[in-house]
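Listed below, chain by chain, are the residues.
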Amino acid sequence: MPTPSYQVTCTKKALIAPGVYELHFSRPEGMTFKAGQFVLFDVPLAEDPADIQTRAYSIASSPSEKDLLFCVKLKAAGRASLWIEILLQQGSTIRMQGPFGLFLLKDSDPAHVCVATGAGVAPFRSQIKWRLEDMKDTRPMILLFGVRNPEDFFWLEDFEFLANTHENFVFYPVLTGTEESWKGLRGRVQQHLPRILAAHPEAGIYICGAPEMVKDVKETCLNDFEIPKIRLHAEGYI
Ligand SMILES: Cc1cc2nc3c(=O)[nH]c(=O)nc-3n(C[C@H](O)[C@H](O)[C@H](O)COP(=O)(O)OP(=O)(O)OC[C@H]3O[C@@H](n4cnc5c(N)ncnc54)[C@H](O)[C@@H]3O)c2cc1C
């Protein structure tokens, strides 16, 4: 069966952190997806709209939310980055295909440990919200969300709300930078895994973000913490 394609309308565009846009699109009638999946947008070249290439973006809204939500970290001179920053406006329409992907939290895991940096938190927003609010999942769920500076965080209120209303969900924002006033966890996200894994030794580990970070965290898990490959799941934002 061919992958469904839809014409969607941008209903909101907002800068939510330096270089990070939150995008809302109308959800097409009948479109279904699983939490953690992504879509492909047809992205035109700014200087030649007939020149189209696709770019992948994880759906950050949960399958029960009305609109489709995304977050995009701009890349210098990137095709989609320029399109989002300059051309995309509320009311713009674009072709989208999907959903695609198998980056889904497994029902067979006794606990879920999610590790994200930057925009890599997108599929986890969808997955965690869906599991807690819709599936009423009571298994332990942990999110480590790393950025460089405090102003690079976004959606903190969403994750803090979920953590305050569900005792099985623990949220750790982690800072790699040196901001002195920061009271939370510091360092690279993987530094905090041993303590979490000591409490949840059989957890599935899910990693999402820039490809270098994903590779790094995976290697640390495999080589230093000797976690079996079968428990590691990753989505690199190539
Ligand atoms: C499954 C999946 C899900 C994803 N989900 C998200 C998400 O939710 N949020 C998100 O922010 N990203 C996500 N990504 C990444 C996203 O698809 C894009 O790769 C990213 O937004 C950059 O796209 P772009 O068109 O702006 O940059 P591109 O045009 O692809 O360029 C990327 C970088 O390479 C440089 N470059 C391009 N061409 C050249 C060249 N010829 N020589 C030298 N440098 C060059 C550009 O300047 C730019 O800095 C996801 C990726 C995958 C695979």
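Whatever comes next refers back to the structure up there.
This structure is a prediction, so every number in the text was calculated from the model and none was measured. Residue numbering note: each chain is counted from 1, following its sequence as written. For a predicted model such as this one, the threshold for reporting local features is a pLDDT of at least 70, and the threshold for listing and counting side-chain atom pairs is 80 or more; totals across whole chains, interfaces and linings nevertheless cover every residue. Side-chain numbers here rest on the full set of heavy atoms in the structure, without hydrogens or water.

Mind showing me how you'd approach unusual backbone geometry here?
Only a minority of non-glycine residues have a phi that is not negative, and only a minority of peptide bonds are not trans. Cis geometry is found at the peptide bond from Gly-98 to Pro-99, where omega equals 5°. Relative to the helices and strands, Pro-99 is located in strand β6 (residues 93–100). The phi angle at Glu-226 is positive, at roughly 50°, despite the residue not being glycine. With respect to the helices, strands and loops of the structure, Glu-226 is situated in the loop between α5 (211–224) and β12 (232–236). Put simply, DSSP H or I for four residues or longer makes a helix, DSSP E for two residues or longer makes a strand, and each gets a number counted from the N terminus.

Would you take a moment to explain the sheet that holds strand β1 (residues 5–17) for this structure?
Adjacent strands of a sheet pair through backbone hydrogen bonds, lying either parallel or antiparallel. Strand pairing is assigned whenever DSSP identifies at least 2 bridges connecting the two strands. The 6 strands lie next to each other as β4-β3-β6-β1-β2-β5, forming an open sheet whose pairing is antiparallel. The two strands at the open ends of the sheet, each matched to only one other strand, are β4 (48–58) and β5 (68–73). Mean inter-strand twist for the sheet, computed between neighbouring axes without regard to direction, equals 40°. Of the strand pairs in this sheet, β1 and strand β2 (residues 20–25) are connected by 6 bridges, and their pairing is antiparallel. The partner of Leu-15 across the bridge, within β2, is Tyr-21. Axis definition: a line fitted to C-alpha atoms, over the contacting stretch in the case of helices. Angles run 0 to 180 degrees between N-to-C directions.

Just to check I follow, could you spell out the environment of Gln-97 for this structure?
Secondary-structure assignment places Gln-97 in strand β6. Accessibility here uses a 1.4 Å probe with only protein chains present; expressed as a share of the type maximum, an area under 20% marks a residue as buried, one over 50% as exposed, and anything in between as partly exposed. A residue is classified by how much of its surface remains accessible, and Gln-97, at 17% relative accessible area, is buried. As for Gln-97 and Ala-56, which are separated by 41 residues in sequence, their C-alpha atoms are 9.5 Å apart. Contact between two residues is taken to exist if any of their heavy atoms lie within 4.5 Å; hydrogens are not considered. With residues up to four places along the chain from it excluded, the contact list for Gln-97 reads Pro-4, Ser-5, Val-39, Leu-40, Asp-42 and Thr-54.

Quick question: what am I supposed to make of the site of the ligand here?
One heavy atom within 4 Å of a molecule or strand is enough for the residue carrying it to be called near that molecule or strand. Near the ligand there are 21 residues, and of these Arg-55, Ala-56, Tyr-57, Ala-76 and Ser-81 occur at the shortest range. At 2.5 Å, a side-chain N or O of Ser-81 approaches an oxygen atom of the ligand. Burial of the ligand by the protein amounts to 66% of the accessible area it has alone, namely 980 Å². With 4 residues, the top contributor of residues to the shell around the ligand is β4. Polar contact is the term for a pair of N or O atoms within 3.5 Å; when the atoms are in protein, one must be able to donate a hydrogen and the other to accept it, and sequence-neighboring residues count only if both atoms are side-chain atoms. All accessibility values rest on the Shrake-Rupley procedure with a 1.4 Å probe; residue burial counts only the protein chains present in the view.

Teacher, can you tell me more about the packing of aromatic side chains here?
Note on aromatic pairs: each is described by the distance of the centres and the angle between the planes. Between 30 and 60 degrees the pair is tilted, below 30 it is stacked and above 60 it is edge-to-face, where a pair is any two Phe, Tyr or Trp rings, Trp via its six-membered ring, whose centres lie within 6.5 Å. Inspection of every chain in the model, using the stated rule, returns 13 aromatic pairs. Judged by centre distance (5.1 Å) and plane angle (80°), the rings of Phe-154 and Trp-155 are edge-to-face. Residue class for Phe-154 comes out buried when judged on its relative accessible area of 4%. Among the aromatic residues, those joined into a ring-pair cluster are Phe-145, Phe-153, Phe-154, Trp-155, Phe-159, Phe-171 and Trp-182. In this scheme, the term charge over a ring applies when either NZ of a lysine or CZ of an arginine sits within 6 Å of the ring centre and within 35 degrees of the ring normal. Sitting above the plane of the Tyr-21 ring, Lys-13 keeps its charged end 5.2 Å from the centroid.

Just checking my understanding: could you explain the pattern of salt bridges for this structure?
Side chains that differ in sign of charge can pair as their charged atoms come close. Here, a salt bridge means any Lys or Arg side-chain nitrogen found within 4 Å of an Asp or Glu carboxyl oxygen. The tally for this structure, following the rule as stated, stands at 12 salt bridges. As a salt-bridge pair, Asp-42 and Arg-95 come within 3.0 Å of each other at their nearest N and O atoms. Residue Asp-42 is found in strand β3 (residues 38–45), and its partner Arg-95 is found in strand β6; the two are separated by 53 residues along the sequence. When its relative accessible area of 32% is taken as the criterion, Arg-95 is described as partly exposed. One salt-bridge network, held together by shared partners, links Asp-107, Arg-131, Asp-137 and Arg-139.

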